[in-house]
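Take a look at the letters that make up each chain.
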Amino acid sequence: MALQDRTRFEPAEVEPRIIERWLASGLFHPDPEDPTPGWSVAIPPPNVTGALHMGHALNGSVQDALVRRHRMQGERTKWILGTDHAGIATQTQVEKLLASEGTSREALGREAFIARTWAWRERYGGTIIGQLERLGASCDYASERFTLDDGYVRAVLEVFTRLYDKGLIYRDNYMVNWDPGSHSAISDLEVEEREVDDHLYAIAYPLAGGSGEVVVATVRPETMLADTAIAVHPDDERHAHLVGRTAVLPLVGRELPIIADAYVKPDFGTGCLKITPGHDPNDFEIGRRHELPEISVIGEDGRMTEAAGPSYAGLGVLDARERVVADLGDAVRSVEAYRHTVPFSHRSGERIEPLISLQWFMAMHELARPALDAVRDGRLRIHPASERRRYERWLQEIRPWCISRQLWWGHQIPVFYRGDEVHVGTRAPDGEGWTQDPDVLDTWFSSALWPFATLGWPQDTAELRAFYPTAVLSTARDILFLWVARMVMMGLEFTGDVPFRDVYVHSVIQAPDGRRMSKSLGTGIDPLEEIERHGADAVRFGLLAMSSTQDVKYSPEKVAQGQALANKLFNASRFVLGKVPEGTRPAPRPAAVEDRWILSRLQAIKADTAARFAAFDFSKLAFGLYDFVYRELCDWYLELIKHREVDEDLGATLLHVLRETLALAHPVIPFVTEELWEHAGGGEGEHGLLAGARMPAVDDALRDPAAEAAIEAVIGAVTTVRGWRNDAQVKPGAFLRARLNAAGYEQTAGLVARLARLDLSANGGDPAATVAVPGGTVEVLASGDFDPAEAQQRLEQQRADLRREIARAEGKLGNQGFVAKAPPDVVAAEREKLARLRADLEAL
RNA sequence: GCGCGCGUAGCUCAGGUGGUCAGAGCACCGCCCUUACAAGGCGGCGGCCGCCGGUUCGAGUCCGGCCGCGCGCACCA
């Protein structure tokens, strides 16, 4: 496309074309054998079932900005890409599909179901990869991984086996969060608390021997069928006499010992707690402490079991509750409405049924300690600091991780049983009768190996040597424990090094009204639709600009700002490239003070941008670029040089500034900059792409404080005169005859004259108005082009403002306390300010 | 309940270590089709910086207490 044919940047036309060039260039697929230092990022693997949402888009923008910047710094950069098999999510999707076909997973059988799921994944699994491409993410698409591919499976087996041999993975009957929805145990981290309205029942249990009773409170009367004790607080004098005695469980007749345990809150309810180790996590702990029997009356299907007795067996939990309450009759002493929070499955949304179940667990304390140390000694840095504190707290209070899931889709647990024999390994030992554990591992077990399993571990590959540890892990805060902390533990355990040096925890993007973005609420905004509407550059810029250390509301204005920036850069480039002669070689060749100024400002924005990248301050990074392009480059520099003849020097400087600006902005808005780069001469190498060009370094020799001061004055003077013209109702096009009575404009009077539309050539005539500008005044000579009365009013306003400021400064300096106690330089600055204000007033 | 964070122009947000810090974008008003951009340019309106105290010569900026909101952790059956 000829650049001069359009006045607007058209992302929809340009971006797909640019993507093709990037992918064809091979720039995103680094050679691991190359000796250049490696720099890598591992993408949080999206679910194969997933589609790009705003969180992915933000995280993609963050990671891509980092990756592109480092690639342009000459590092051998790899962005590790892949998808997660996402056990529950994927299995649920496929089961839904089967249901719509009138069949089911059970009808198919395990092998066929898994084959079907693979086929489903082949067909629908890759959509998010294409969507990342559309965002402009420069991932290594040529070596995409999957958490169930062959190499990955080997890594998982290796880790399982080694942890088992170390005794850190073990099988136990333990209280788990049973999710009746997915028919599987789930980990503590997959449980969410929700507030519900329940009833609190007070139930009387008679003491053995008929000498009184003990009243307990419960929201789940049906679980009493599994009670094995009553507990009171050891210091509770009201109930001290009960400890050691025995109560009789109503309906069942079982004798329950009355024990003392500090867990019981004496001031809650009656101060007496029924203990049900089989169906309550806290009771389970108490039961283990006191070696109580563990009875289960609720099964994995959520129905009462035979152990509940003939009149309850087979009933659903709620029906059983009703029946129990009815059967208790007078023993129910009170029922009151009760609101409290209870656990629900994050996945299925069903209420968790705490059950004792035979599951695989991972002991975490031994693994957690090195992960804590890594943060404390600085090998791992977490940004922002508040997230680091969360990380530490969780690791300190870490609990065993239930890693088995009663699913089919995933890494089947590599353990084989034959009678009492147990064998851990890839395949069953020789001989008949071995059966493999039917469960699969928690999806997060395999995700925890992501940064090294994707690079070929446990083999010692060139990729592993080149790209491990990765540099930065960028993620949202909701998976800091679920994923990030576990990667650190596994990385340290199996590679001896942290899996990444920096963790950047980014904002969660909420809907514009502050609610959570979600499909079910209808509050979601599709990033792809935003990209279609405004361009990928605009969305990337907007997301980075709105990011923060806190959650943020989605801001369409910031996306619009990004779109405006892309367009501005497009038009600025059209202007520059239309002026620069063919064959110009870009170079800083300042011929005038404004050239020295823009070159100096360019060094400043380069340095600021580098610092903001280092600090993960993406919002300031984005706004800083916006401000430089809009304000300094377009509003001022291009206006300042507009009427100069573009000779070799100016041409070289213009092209230099443009190209460095494009390079600097490329990591944030890669498409428009890549497109314009080609028009601005392109780059080295066969592809000539900006994505593969070098990031310009800061050149301190081009910093020029004198030029900055001179142009600052010009900007101040022009702005002030424009404001005055507006107030004095000067005809917009008129060039007013005026005298510039001010210091500091030796080289720039002509610039002021042109941009403020003044004719400074006249020396005669009476001043009809005075305007204060930095360093002095502009005296405007009488003419018919403005209204003297309005001008006078404006002048009075200016004088009043000055007098007010003078009075404030005088008051401050007249304050003994200030002069005596404030630091000398602050006092001196105040005196200087006062003198300047007085001089300004004098001049008017 | 404990912990963390936030409440600054109509809206969304910036404002390390207290002294031009009262800002940006959008919205709004006025003027301008000035040959890069009218989805543009120029200028402007607009804020007891949540409330009440305190520390200080001086406080959006520090301390305490309220009020409102968000998040994290733990939950009392």
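These figures come from a predicted structure and were not determined experimentally. (Residues numbered from 1 in each chain as written. Chains lettered and ligands numbered in written order. Predicted model: local features only at pLDDT ≥ 70, side-chain atom pairs only at ≥ 80, totals over all residues. Heavy atoms only, no water.)

Asker: For this particular structure, what's the right way to read the pattern of salt bridges?
Answerer: Two side chains carrying opposite charge are able to pair once their charged atoms lie near each other. Evaluation of the coordinates by the stated rule reveals 59 salt bridges. With a closest N to O distance of 2.6 Å, K78 and D140 form a salt bridge. Taken together, the residues span a long stretch of sequence, with K78 in strand β2 (residues 76–80) and D140 in the loop between α6 (127–135) and β4 (145–146) at a distance of 62 residues. Each member of the pair K78 and D140 is classed as buried. With a closest N to O distance of 3.4 Å, R739 and E779 form a salt bridge. One end of the pair, R739, is in strand β26 (residues 736–742); the other, E779, is in strand β29 (residues 776–781), with 40 residues separating them in the sequence. A relative accessible area of 22% places R739 in the partly exposed class. By relative accessible area, which is 18% here, E779 ends up buried. (Salt bridge = Lys/Arg side-chain N within 4 Å of Asp/Glu carboxyl O. Helix = DSSP H or I, 4+ residues; strand = E, 2+ residues; numbered from the N terminus. Buried < 20%, exposed > 50% of the residue type's maximum accessible area, 1.4 Å probe, protein only.)

Asker: Would you mind showing me how to read the sheet that holds strand β14 (residues 353–362) here?
Answerer: Backbone hydrogen bonds are what pair the strands of a sheet, in a parallel or an antiparallel way. On the basis of which strands lie adjacent, the open sheet formed by 4 strands has the order β6-β5-β14-β16 and antiparallel pairing. Single-partner strands in this sheet number two, and they are β6 (184–186) and β16 (401–402). Here 3 bridges tie strand β5 (residues 169–179) to β6, and the two strands are oriented antiparallel to one another. In the strand pairing of β6, N177 is matched with I186. Where helix α8 (residues 281–289) meets the sheet, it contacts β5 and β14, and its direction lies at approximately 145 degrees from that of β5. (Pairing = 2+ DSSP bridges. Contact = heavy atoms within 4.5 Å. Axes fitted to C-alpha atoms, helices over the stretch in contact; angles between N-to-C directions.)

Asker: Explain helix α7 (residues 150–165) to me, please; I cannot follow it from the model alone.
Answerer: Along an α-helix, a turn takes 3.6 residues, which lines up residues three or four apart on a common side. Its 16 residues give α7 an end-to-end C-alpha distance of 23 Å, which sits within 8% of 22 Å, the value for a rise of 1.5 Å per residue. G167 occupies a position one or two residues after α7 and carries a positive phi of about 85 degrees. (Expected span 1.5 Å × (residues − 1).)

Asker: Help me understand the nonpolar core in this model?
Answerer: Side chains of nonpolar character tend, in soluble globular proteins, to be buried together. By size, the foremost hydrophobic cluster in this structure holds 193 residues, and its most contacted members are F160, M362, Y391, L395, F445, M490 and W724. In this view, Y391 contacts A371, V375, L380, I382, L480, F481, A485 and V488; residues no more than four positions away in its chain are not counted. In terms of nonpolar packing, the next biggest core, distinct from the first, is built from 36 residues, A185, Y201, I295 and Y312 among them. (Core = buried A, V, L, I, M, F, W, Y, C linked by side-chain atoms within 4.5 Å.)

Asker: Help me out: how do you make sense of the protein's contact with RNA strand B in this one?
Answerer: Surrounding RNA strand B, one finds 55 residues, the nearest of these being Y263, Y338, T341, Q550 and K821. Counting only atoms of RNA strand B within 4 Å of the protein, the sugar-phosphate share comes to 57%. N726 is positioned such that a nitrogen or oxygen atom in its side chain is 3.0 Å from a sugar or linking oxygen of RNA strand B. Those elements that place two or more of their residues in the surface near RNA strand B are β8 (213–218), β13 (332–345), α18 (556–579), α20 (618–640), α23 (705–727), α26 (816–821) and α27 (824–843). For the surface near RNA strand B, the element with the highest residue contribution is α18, accounting for 10 residues. Split by residue class, the surface near RNA strand B holds 18 nonpolar, 18 polar and 19 charged. (Near = heavy atom within 4 Å. Polar contact = N/O pair within 3.5 Å; in protein donor to acceptor, adjacent residues only side chain to side chain. Nonpolar A, V, L, I, M, F, W, Y, C, P; charged D, E, K, R; others polar.)

Asker: Teacher, can you tell me more about the packing of aromatic side chains here?
Answerer: Both the distance between ring centres and the angle between the ring planes are used here to describe each pair of aromatic rings. Counted under the stated rule, the structure contains 27 aromatic pairs. Look at Y174 and F284: their rings are 4.9 Å apart centre to centre, the planes differ by 70 degrees, and that puts the pair in the edge-to-face class. One end of the pair, Y174, is in strand β5; the other, F284, is in helix α8, and 110 residues separate them in sequence. Taken together, a centroid distance of 4.9 Å and an interplanar angle of 10 degrees make the contact between W394 and F481 stacked. With a gap of 87 residues between them, W394 in helix α11 (residues 385–396) and F481 in helix α15 (residues 480–495) connect regions that are remote in the sequence. (Phe/Tyr/Trp six-rings, centres within 6.5 Å; stacked < 30°, edge-to-face > 60°.)

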